[in-house]
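Report on the structure
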There are 2 protein chains.
Amino acid sequence: MVDKKTKNWAGCPVRFGMSQFGDKWSFLIIRDLMFKGRKYYNEFLEAGEGISTNILASRLADLEYNGLVSKHQDTIKRSKYIYNLTEKGIALMPMMLAMIDWAEEYDSQTEVPTEFIKMLRENPEKLQKELLEQLKQE
Amino acid sequence: MVDKKTKNWAGCPVRFGMSQFGDKWSFLIIRDLMFKGRKYYNEFLEAGEGISTNILASRLADLEYNGLVSKHQDTIKRSKYIYNLTEKGIALMPMMLAMIDWAEEYDSQTEVPTEFIKMLRENPEKLQKELLEQLKQE
DNA sequence: GTATTTAACTTGTAAAAAGCAAGTGAATTT
DNA sequence: AAATTCACTTGCTTTTTACAAGTTAAATAC
């Protein structure tokens with residue numbers, strides 16, 4: 001039987017999560033990187049969520065500092081920086097997919113592409129594998 | 001093939017999630033309700049995270065407004081209010097478990113009870129079933 | 001049956017964070 | 001060499017949070 005009454009998760013995993021990506025903007029940046037193919041400062045800005053330039057810069061720096069995101073000069077256009085999820089960032093995919101599944105169920109406004117949600121529920125491993133391949137080849 | 005380039009998740013599930021529970025304190029309250037057996041205002045306050053009284057009241061009201069948490073007079077001690085996760089709140093369990101799994105992997109400080117993390121990885125359905133039963137009988 | 005305590009907040013104010021508009025600097029294109 | 005692009009930074013206003021103290025309603029103590 002699981003001990004629910006444990007009061008001392010000395011280092012609490014949820015608290016740790018919050019310290020690493022525990023605000024709205026971080027989640028939205030991770031979403032952009034994970035599912036939307038956005039990789040540049042400008043693309044995050046233009047995602048239409050209304051994030052301010054200073055907040056975006058600050059969150060990207062935090063995510064990089066925490067090892068969730070990497071930042072490199074773009075090899076093609078050397079004046080640009082390219083942001084990518086690290087392995088640690090990519091490992092948040094199950095959490096993000098669980099959130100998407102939840103939102104699709106409880107929000108009538110949520111419009112996840114039918115194909116996506118169908119695969120998420122019928123063959124989540126395949127979906128995850130496809131998403132991971134996309135992230136790695138980029 | 002999954003369409004990663006979809007720019008228009010008109011109602012984005014991640015954005016919806018953030019609007020419903022998208023801050024540190026909400027996550028910690030949900031954690032307390034879901035895994036720690038805390039159900040009273042005072043118990044959340046004394047959880048040791050350092051939340052202020054006004055912020056706690058505000059977050060509980062938000063969570064209730066959003067239908068994640070219910071609030072009732074305690075039947076035994078009628079001066080107290082008891083907070084519980086609704087079905088909608090309980091449905092966040094997969095997301096929370098995914099976060100716990102991630103934190104356990106990437107944070108050496110995180111100390112989830114061995115039995116918990118072992119079951120999470122070896123038999124997640126059983127773990128979830130046990131947790132759900134606890135939540136429902138309370 | 002009045003007085004004290006418990007429980008769950010609310011209020012006021014100071015500090016911190018976010019939002020907004022404009023500016024900077026380095027590289028690139030013209 | 002001048003103008004443009006890109007990724008920020010800076011300064012200021014507004015909003016949110018933190019902290020301490022106060023309020024209210026019910027329950028127990030005397």
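To keep things clear, this report deals only with the structure shown in the data block.

**Topic: the interface of chain A and chain B**
Think of interface size as the accessible area that goes away when the parts come together; that is how it is often given. Chain A puts 56 residues into the contact, and the matching count from chain B is 56 residues. Both sides together, the interface formed by chain A and chain B hides about 5400 Å², and carbon and sulfur atoms give 67% of it. For the pair chain A and chain B, the number of links is 2 salt bridges. Counting the contacts that link chain A with chain B gives 8 residue pairs in polar contact (both at pLDDT 80 or more). If you list the elements that add at least two residues to the side of chain A that touches chain B, you get α1 (13–21), α2 (24–35), α5 (87–90), α6 (93–106), α7 (114–122) and α8 (124–137) of chain A. Taken together, the residues of the side of chain A that touches chain B break down into 31 nonpolar, 9 polar and 16 charged.

**Describing the protein's contact with DNA strand D**
Close contacts around DNA strand D come from 19 residues, with T53, K71 and Y83 of chain A together with N54 and R59 of chain B the closest. By atom count, sugar and phosphate contribute 65% of the portion of DNA strand D lying within 4 Å of the protein. Y81 of chain A has a polar backbone atom sitting 3.5 Å from a phosphate oxygen of DNA strand D. One of the side-chain N or O atoms of W25 of chain B is found 3.4 Å from a phosphate oxygen in DNA strand D. In terms of residue count, the dominant contributor to the surface near DNA strand D is helix α4 (residues 53–65) of chain B (4 residues). When grouped by side-chain class, the residues that make up the surface near DNA strand D number 6 nonpolar, 7 polar and 6 charged.

**Some thoughts on the packing of α2 of chain A against helix α1 (residues 13–21) of chain B**
As a packed pair, α2 of chain A and α1 of chain B sit with axes 10 Å apart at the nearest point and diverge in direction by 165 degrees. One way to sum up the angle between α2 of chain A and α1 of chain B is to call them roughly antiparallel. The handedness of the crossing between α2 of chain A and α1 of chain B is right-handed. For the pair α2 of chain A and α1 of chain B, contact is made by K24, F27, L28 and R31 of chain A and by V14, R15 and M18 of chain B, respectively. Tallied by class, residues from the contact of α2 of chain A with α1 of chain B come to 4 nonpolar, no polar and 3 charged.

Cut-offs used in this document
Residues numbered from 1 in each chain as written. Chains lettered and ligands numbered in written order. Predicted model: local features only at pLDDT ≥ 70, side-chain atom pairs only at ≥ 80, totals over all residues. Heavy atoms only, no water. Contact = heavy atoms within 4.5 Å. Buried area = accessible area lost by both parts, 1.4 Å probe. Salt bridge = Lys/Arg side-chain N within 4 Å of Asp/Glu carboxyl O. Polar contact = N/O pair within 3.5 Å; in protein donor to acceptor, adjacent residues only side chain to side chain. Helix = DSSP H or I, 4+ residues; strand = E, 2+ residues; numbered from the N terminus. Nonpolar A, V, L, I, M, F, W, Y, C, P; charged D, E, K, R; others polar. Near = heavy atom within 4 Å. Axes fitted to C-alpha atoms, helices over the stretch in contact; angles between N-to-C directions. Parallel < 35°, antiparallel > 145°, perpendicular 65-115°, else oblique. Left-handed = near helix turned anticlockwise from the far one by under 90°.

Remember that the coordinates give geometry; whether it matters functionally is a separate question.
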